[in-house]
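Here's the letter readout for the chains.
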Amino acid sequence: MSLLLEMFTYPFILRAFVVGILVSLCAALLGVPLVLKRYSMIGDGLSHVSFGALAVALACGWAPLPVSIPVVILAAVILLRMTENSPLGADAAIAVTSASALAIGIIVTSLTTGMTTDVDSYMFGSILAMDRSDVALSVGLSVAVLVLFVLFYHKLFAITFDENFSRATGVKVGLYNTLLSVLTALTIVLGMRLMGAMLISSLVIFPALSAMRIHKSFRGVVIWAGGMSVVSFCVGLTISYLVSTPVGATVVVVNLTVFLLCSLAARLKRH
């Protein structure tokens, strides 16, 4: 208990909790329509694009987040267009973009700074990497993502289940698909400091899959996914502090455990 109380005396831990809770909530809410639309791997692709942009920014001496946010948003819009119009298909388009951006990031890193602590924190996450300006930007953009998701909840619900019917009833499907991609891009960039490029997509996928095992309605899945994601992050961060394991990897393992428990509960319920 004393260790837990001591944990909250460190400012970097408090910053990690604030940003982590908001990013986990955003990722889980957006993950539900993404998984249902079979775009769940877009998070992985965008995280690699973000790493490429961050590597270039660090090599040029620029501030990483202001550079990577517009780049990843542009990549999200391009990926959306590719999945809609390209004969490649969504999975192939994401794989091509992901591999290319990661390769560029690695080459730029090797030619300039090398694998520094700063680059390593973006790849695998670090709670020490965030300063106050990063926290302020992350909180502001996370709140914006949550507000936009709530405002356009019914439109996102409509395009998730039947784009053709939505288009026939006058819903601007392209606009709301773009909105979903942009919100996902923002969430991915904000979460990279804590989770790292290699692990951030897990925050998008695991809570949605877990919630789908125990609930059937869209609203129920969204609520459960958000709740489980926040709890999993808090538990993961606490365990990480107590046993000195990497935050990102610990949070992923907690999310995996929750998913397995939900799958077991769903199977027992069926029988």
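Caption draft 1: Inspection of the pattern of salt bridges at higher detail. Tallied over the full model, the rule gives one salt bridge. Where Lys37 meets Glu163, a salt bridge forms, and the shortest distance between an N and an O atom there is 2.6 Å. Here the residue Lys37 occupies a position in the loop between α2 (11–36) and α3 (42–60), and Glu163 occupies one in helix α9 (residues 163–168), the gap between them amounting to 126 residues. Judged by its relative accessible area of 13%, Lys37 falls in the buried class.

Caption draft 2: Summary view of the environment of Gly43. You can see Gly43 is positioned in helix α3. Taking relative accessible area as the criterion, Gly43 reaches 0% and is therefore assigned buried. Along the sequence, Gly43 and Ile94 sit 51 residues apart, while their C-alpha atoms lie 9.2 Å from each other. Other than its neighbours up to four places away in sequence, Gly43 contacts Ile188 and Ser201.

Caption draft 3: Layout of the confidence of the model for the protein chain. Taken as a whole, the protein chain shows an average pLDDT of 87; of its residues, 94% reach a score of 70 or greater. Averaged pLDDT values over the elements of the protein chain bottom out at 67 in helix α6 (residues 117–124) and peak at 94 in helix α12 (residues 218–243).

Caption draft 4: View of the packing of aromatic side chains. Counted under the stated rule, the structure contains ten aromatic pairs. Ring geometry for Phe152 and Tyr176: centres 5.7 Å apart, planes at 50°, overall tilted. Taken together, the residues span a long stretch of sequence, with Phe152 in the loop between α7 (132–151) and α8 (153–161) and Tyr176 in helix α10 (residues 173–195) at a distance of 24 residues. According to the relative accessible area criterion, Phe152 is partly exposed, its value standing at 27%. Measuring from centroid to centroid gives 5.7 Å for Tyr153 and Phe218, while their planes differ by 45°, and the two rings are tilted. You can see Tyr153 sitting in helix α8 and its partner Phe218 sitting in helix α12, a full 65 residues away along the chain.

Caption draft 5: The arrangement of the side chain of Ser138 in detail. By the secondary structure assignment, Ser138 is in helix α7. In this structure Ser138 touches Val19 and Leu190, once residues within four positions along its chain are discounted.

Caption draft 6: Quick look at the environment of Ala95. With respect to the element layout, Ala95 can be found in helix α5 (residues 90–111). Take Ala95: its relative accessible area is 44%, and that puts it in the partly exposed class. A C-alpha to C-alpha distance of 8.9 Å links Ala95 and Asp44, two positions 51 residues apart in sequence.

Caption draft 7: Looking closely at a positive patch on the surface. Residues Arg213, Lys216, Arg267, Lys269 and Arg270 make up a contiguous surface patch of positive charge. A total of three residues in the positive patch trace back to one element, the largest contributor, which is helix α13 (residues 247–270). Note that Lys269 resides in helix α13.

Caption draft 8: Representation of the packing of helix α11 (residues 201–214) against α13 within the structure. For the pair α11 and α13, the least separation of the axes is 8 Å and the interaxial angle reads 15°. Between α11 and α13, the crossing angle belongs to the class labelled roughly parallel. Where α11 crosses over α13, the handedness of that crossing is left-handed. Contact residues: α11 offers Ser202, Leu203, Phe206, Pro207, Leu209, Ser210, Arg213 and Ile214, while α13 offers Val251, Val252, Asn255, Leu256, Val258, Phe259, Cys262, Ser263 and Ala266. Taken together, the residues of the contact of α11 with α13 sort by class into twelve nonpolar, four polar and one charged.

Cut-offs used in this document
- Along each chain, the written sequence defines residue order, and numbers are assigned to residues from 1.
- Local features in this predicted model are restricted to residues of pLDDT 70 or higher, and side-chain atom pairs are both shown and tallied only at a pLDDT of 80 or more, whereas totals for entire chains, interfaces and linings draw on every residue.
- Excluded from the side-chain calculation are hydrogens and water; included are all heavy atoms of the structure.
- Any carboxyl oxygen of Asp or Glu that lies within 4 Å of a side-chain nitrogen of Lys or Arg is treated as forming a salt bridge with it.
- For the purposes of this entry, the term helix denotes a DSSP run of H or I that reaches at least four residues, the term strand denotes a run of E that reaches at least two, and both are numbered from the N terminus.
- Using a 1.4 Å probe on the protein chains alone, a residue whose accessible area is under 20% of its type maximum counts as buried, one over 50% counts as exposed, and one in between counts as partly exposed.
- The contact criterion used throughout is that any non-hydrogen atoms of two residues lie within 4.5 Å.
- Each residue carries a pLDDT score, the predictor's confidence in it, ranging from 0 to 100.
- Here a pair means two rings of Phe, Tyr or Trp (six-membered ring of Trp) with centres within 6.5 Å. Their orientation is stacked below 30 degrees between planes, edge-to-face above 60, and tilted elsewhere.
- Two distance rules govern patches: like charges are joined within 9 Å, and nonpolar side chains (Val, Leu, Ile, Met, Phe, Trp, Tyr) within 5 Å, applied only to residues with over 30% relative accessible area and no salt bridge.
- Surface exposure here means Shrake-Rupley accessible area, sampled with a 1.4 Å probe, where a residue is shielded only by the protein chains that are shown.
- In this tally Asp and Glu are treated as negative and Lys and Arg as positive; neither His nor the chain ends contributes.
- Taken as the charge location is NZ of Lys, CZ of Arg, CG of Asp or CD of Glu.
- Note on geometry: axes are C-alpha line fits, over the in-contact stretch for helices, and angles between N-to-C directions span 0 to 180 degrees.
- Each angle receives one of four descriptions, namely roughly parallel if under 35 degrees, roughly antiparallel if over 145, roughly perpendicular if within 65 to 115, and oblique otherwise.
- By the definition used in this description, the sense in which the near helix is turned from the far one sets the handedness, with an anticlockwise turn below a right angle giving left-handed and a clockwise turn giving right-handed.
- Three residue categories are used. Nonpolar comprises Ala, Val, Leu, Ile, Met, Phe, Trp, Tyr, Cys and Pro, charged comprises Asp, Glu, Lys and Arg, and polar comprises the others, including Gly.

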